[in-house]
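The lines below spell out each chain.
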Amino acid sequence: MKAIQTERFAAMGTRAELHLFGPGDRDALLSARRAIEAVDDALTIHRPSATTMINECLMAGLSCVVDDPVLLDALIEIEAAHALTRGLFDPAADIARPGVGWGVISFDRDAARIQASRRVALDLGGFGKGFALDRACRVLKEAGATSAFLCAGESSIAVVGEHPLGGGWPVAIPHPLHPDRFLAEFELRDEALSISATVGAGANAPERAAMIRPTDASHVTAPRCTVAIDRSGARAEAMSTALLVADDDQAGRLLDGDPARRFVFDFSHETTMPVQPGEMALQ
Amino acid sequence: MTDKDFDLSRRAFLDGVLGATAAAGMTAAAPWAISAAQAQPAGSDRVRLGVIGTGDRGRTLIRNIVKTRNCIVAAICDNYAPHLAKGKALVSAATPSFTDHRAMLDAGGLDAVVIATPLHGHARQTLDAFDAGLHVWCEKAMARTIADCGAMVKRSQDRRKVLQIGHQRMFHPTYLNALRRVKAGEIGPVTQIRASWHRNNSWRRPVPPDSNDRQINWRLYRDSSAGLMTELATHQLQIGNWFLDAVPARVIGSGSICFWKDGREVYDHVALVFEYSGGRKLVYTSLLNNARYGCEEQIQGSKGSIEPELGRIYQEVPPKVLALQRMREDVKRGHKRAIPIGGATWFPELPVTTPGESLGWGEYDETMLQFEGFGEAVRSGKPLPGLLAQAYHASVASLLGEQAMDRGEAVTWPADLVTV
């Protein structure tokens, strides 16, 4: 039997678990944890951080240098994800400021400088989970790990290599309206998976922020669940979020980019369910 | 740092707690402890202390003073004969004894006095000692009023004499280790401290025929004590200020005589919120009819908690994800099946019951060390740095809490305190 090591802790506003199978020592697992905590420290807006510092600048209409390397890397990925999702993933969207989002921000990655033409603040929480898992996976791989399962909350996972018993990691998405059934099943190899939903357990929790559309800052109310699988956890997070806020046409264009790894389940058509993911998308 | 890092010796204390502290900001956070621990007291030429008050607390102090390497009890004083007799039993027969502190001061032969009398006597005895050219070690709380606390500080400054107040936790290795770990960021930013001192007894002592209730039970009466606030809370308010590295901006509270309706004048049940900058809080309760939760400060940060009286540090460890627990068990049994992802994320927010990690314990005596530190301060004429400010602010906080409860309204931190 292969050795199993686990690290369980609170980070990114959720519970994180790292399971390492086979090669890889305790120090590697702890380093992976530190990588996630470092992302938390840099991206959180719930206590003083590099992100709250630049938010203060952006809200004051000032230009500022991003001197935190973790935040700088995150902003580079966010800029790419914003483009990849055709502007639908937008961590600067704000329900209090319709029309304000990443588009008002000028980010110079080479000079590590950011500024905005209008008052704006970043909320990198959801994106941060996938971004943190990417960095933790990198740490484990560099330490020689060949099989690991990482989770930052139950909606963001990443796997290193293959399942300890061989083959891909089999994961199943429970049906958010019928928890005794699975909505879809996938096999993952060196990939990350992100789920976003407007329905299901916890969706109506009082403290949960509503998902909003960056186009008009309106709430997403459609009963939807989206799944994105990607080599990058950061991209998976951005894509599942974008799919959730997209209208049908926008979602269709995003799904065309990788139909085998991006899914939208619309529960407005509950009577037809369950069906296979490929058939479900955008009914 | 674990249990084995602590032992009886001063050397181990230095190495184990204070030796590696510079990087963690301890030099600024506990300079008094560093000064005290690094003192090199000589065997002879001991600092001569006159102890005023030889009741239970005074005798405990005498037992600690005789263990020090640099202090000696050179006189004792108490105006209650049975207490004085018990004090005499702890010192040599040649030690002079007095029933009036002024007589002891007039007799001379002292370098400093130690005051362990009822609270309302502290200020007068301290000022008299300074006027007699002596240094002062005084039990906490400092005085019955904020004005008297300030007068004690001011007189020590005017006379250039040391004033040290008995807050032994500031020398306690477990507390110092807890502070080191807070400074190192191990529990994240501290946003709340829950402190409590709960007992289940009346606090009333039997009155012997040769005495009277107000003399024996002085803690129960307003003119001589603020009750729980000055006799117990002062210690924990000092810990709050110390670990939050600030003084409160304001305090709100509620006090009542809730259980022991026996003619006492001070509250037997207090609940207060001390508000600090940035929204941080110290939530304080003390009562005299339930001892379940005893005495503790729960120092709470985003990454963990520290409970120094228990000597333990706890990480914020969330409950296991059941699906992943099952996945581990499947792998152990050689089974492979789908891992449910994205199910319910809500989990009951019950108290975390993990055992935590030890902060380390030592048999080293913090009360003894604070007297050795005082002895060195008297010799040099220089107070241990930072110590008096902590004590002064703790006493002000305790008395401010009393005011907030009496008035039933928020009370702000005084703007006219003496600069320490």
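Preceding this section is the structure that the text describes.
Description of the structure in this document. (Residues numbered from 1 in each chain as written. Chains lettered and ligands numbered in written order. Predicted model: local features only at pLDDT ≥ 70, side-chain atom pairs only at ≥ 80, totals over all residues. Heavy atoms only, no water.)

**Observations concerning empty space enclosed by the protein**
All names here are of chain B. The cut-off we apply is this: Residues are called lining when one of their atoms sits within 4 Å of a cavity or pocket point, these points coming from a 1 Å grid over the protein atoms alone, where a cavity is a set in which a 1.4 Å probe fits but cannot get out and a pocket is an open set with protein on both sides within 12 Å along at least five of seven lines. Grid points are joined across faces, edges and corners, and a volume is the space filled by probe spheres set on the points. Note on conventions: DSSP H or I runs of at least 4 residues are helices, E runs of at least 2 residues are strands, and numbering of each starts at the N terminus. Side-chain classes are defined by residue name, with Ala, Val, Leu, Ile, Met, Phe, Trp, Tyr, Cys and Pro counting as nonpolar, Asp, Glu, Lys and Arg as charged, and the others, Gly among them, as polar.
In this structure the tally under the stated criterion is 3 cavities of 30 Å³ or more. As a volume, the largest cavity reaches approximately 50 Å³. Around the largest cavity sit Arg 222, Ala 226, Gly 227, Leu 228, Met 229, Val 266, Tyr 267, Val 270, Glu 402 and Met 405, which together line it. Contributing elements (two or more residues each) for the lining of the largest cavity: α11 (228-244) and α14 (387-407). Classifying every residue of the lining of the largest cavity by side-chain character gives 7 nonpolar, 1 polar and 2 charged.

**With respect to the nonpolar core**
To keep things clear, this is the line we draw: Among the buried residues, those of types Ala, Val, Leu, Ile, Met, Phe, Trp, Tyr and Cys that are joined through side-chain atoms within 4.5 Å form a nonpolar core. Buried residues are those whose accessible area, probed at 1.4 Å on protein chains only, stays under 20% of the maximum for their type, while exposed residues exceed 50% and partly exposed ones sit between those limits. Contacts are assigned to residue pairs that have any heavy atoms within 4.5 Å of one another.
Of all hydrophobic cores here, the largest spans 102 residues; its most connected members are Val 113, Trp 242, Phe 243, Phe 274 and Tyr 284 of chain B. With 10 residues, α14 of chain B is the single largest residue contributor to this core. If near-sequence neighbours (up to four positions away) are discounted, Phe 274 of chain B is found in contact with Met 229, Leu 237, Pro 248, Arg 250, Val 251, Arg 280, Lys 281, Leu 282, Tyr 284, Ala 397 and Gly 401 of chain B. Counting residues in each nonpolar core, the second largest holds 68 residues, with Ile 54, Val 70, Ala 228 and Leu 255 of chain A among its members.

**A word on the pairing of strand β10 (residues 192-197) of chain A**
Residues and elements named next belong to chain A. As a reminder, the rule being used: Two strands qualify as a pair provided DSSP detects at least 2 bridges between them.
Buried residues dominate β10, accounting for 6 of its 6 residues. Where burial is concerned, the two faces of β10 agree: the one with Ala 192, Ser 194 and Ser 196 and the one with Leu 193, Ile 195 and Ala 197 are both buried. Bridge count for strand β7 (residues 156-161) against β10 is 3 bridges, and the pairing is antiparallel. Within β10, the residue paired with Ser 156 across the bridge is Ser 194. Bridge count for β10 against strand β11 (residues 224-230) is 6 bridges, and the pairing is antiparallel. Directly across from Ala 197, in β11, lies its bridge partner Cys 225.

**Observations concerning the side chain of Glu 17 of chain A**
Selection criterion: Charge assignment: positive for Lys and Arg, negative for Asp and Glu; neither His nor the chain ends contribute. By definition here, a salt bridge exists when the distance from a side-chain nitrogen of Lys or Arg to a carboxyl oxygen of Asp or Glu is within 4 Å. Identification of polar contacts relies on pairs of N or O atoms within 3.5 Å, with a donor-acceptor requirement for protein atoms, meaning one able to donate a hydrogen and the other able to accept it, and with residues adjacent in sequence counted only if both atoms are side-chain atoms.
Within the secondary structure, Glu 17 of chain A is located in strand β2 (residues 14-21). Buried within the structure, Glu 17 of chain A lacks any salt-bridge partner; Arg 8 of chain A is the closest side chain of opposite charge, at an N-O distance of 4.5 Å. For Glu 17 of chain A, the side chain forms a polar contact with the side chain of His 19 of chain A, separated by 2.6 Å. Contacts of Glu 17 of chain A, omitting those with residues within four sequence positions, involve Glu 7, Arg 8, Phe 149, Leu 150 and Cys 151 of chain A together with Pro 319, Lys 320, Val 321 and Leu 324 of chain B.

**A short note on the layout of surface pockets**
Residues and elements named next belong to chain B. When its volume is computed, the second largest pocket comes out at roughly 1100 Å³. Considering the residues around the second largest pocket, the lining is formed by 42 residues, among which Ala 116, Thr 117, Pro 118, Trp 218 and Arg 219 are closest to the centre. Elements with a minimum of two residues in the lining of the second largest pocket: α4 (56-65), α5 (81-88), α7 (122-131), α10 (213-216) and α11. Residue contributions to the lining of the second largest pocket peak at 4 residues, all from α4. Of the residues assigned to the lining of the second largest pocket, the class counts are 13 nonpolar, 15 polar and 14 charged.

**Quick look at the pattern of salt bridges**
According to the stated counting rule, one finds 41 salt bridges over all chains in the structure shown. Note that Asp 190 of chain A and Lys 141 of chain A form a salt bridge whose closest N and O atoms lie 3.4 Å from each other. Highlighted residues: Asp 190 of chain A in the loop between β9 (182-188) and β10 and Lys 141 of chain A in helix α4 (residues 125-142), separated in sequence by 49 residues. The residue Arg 57 of chain B makes a salt bridge to Glu 139 of chain B at a minimum N-O spacing of 2.5 Å.

**A closer look at the interface of chain B and chain A**
Stated precisely, the cut-off is as follows: Here's the idea: put two parts together, see how much 1.4 Å probe accessible area each one loses, and the total over both is what we call buried area.
If you look at the interface, chain B gives 28 residues, while chain A gives 36 residues. A buried area of about 2900 Å², summed over both sides, lies between chain B and chain A, and 67% of it is on carbon and sulfur atoms. At the boundary of chain B and chain A, one finds 1 salt bridge. The partner of Asp 41 of chain A in a salt bridge is Lys 303 of chain B, with the nearest N and O atoms 3.4 Å apart. At the junction of chain B with chain A, the criterion picks out 8 residue pairs in polar contact (both at pLDDT 80 or more).

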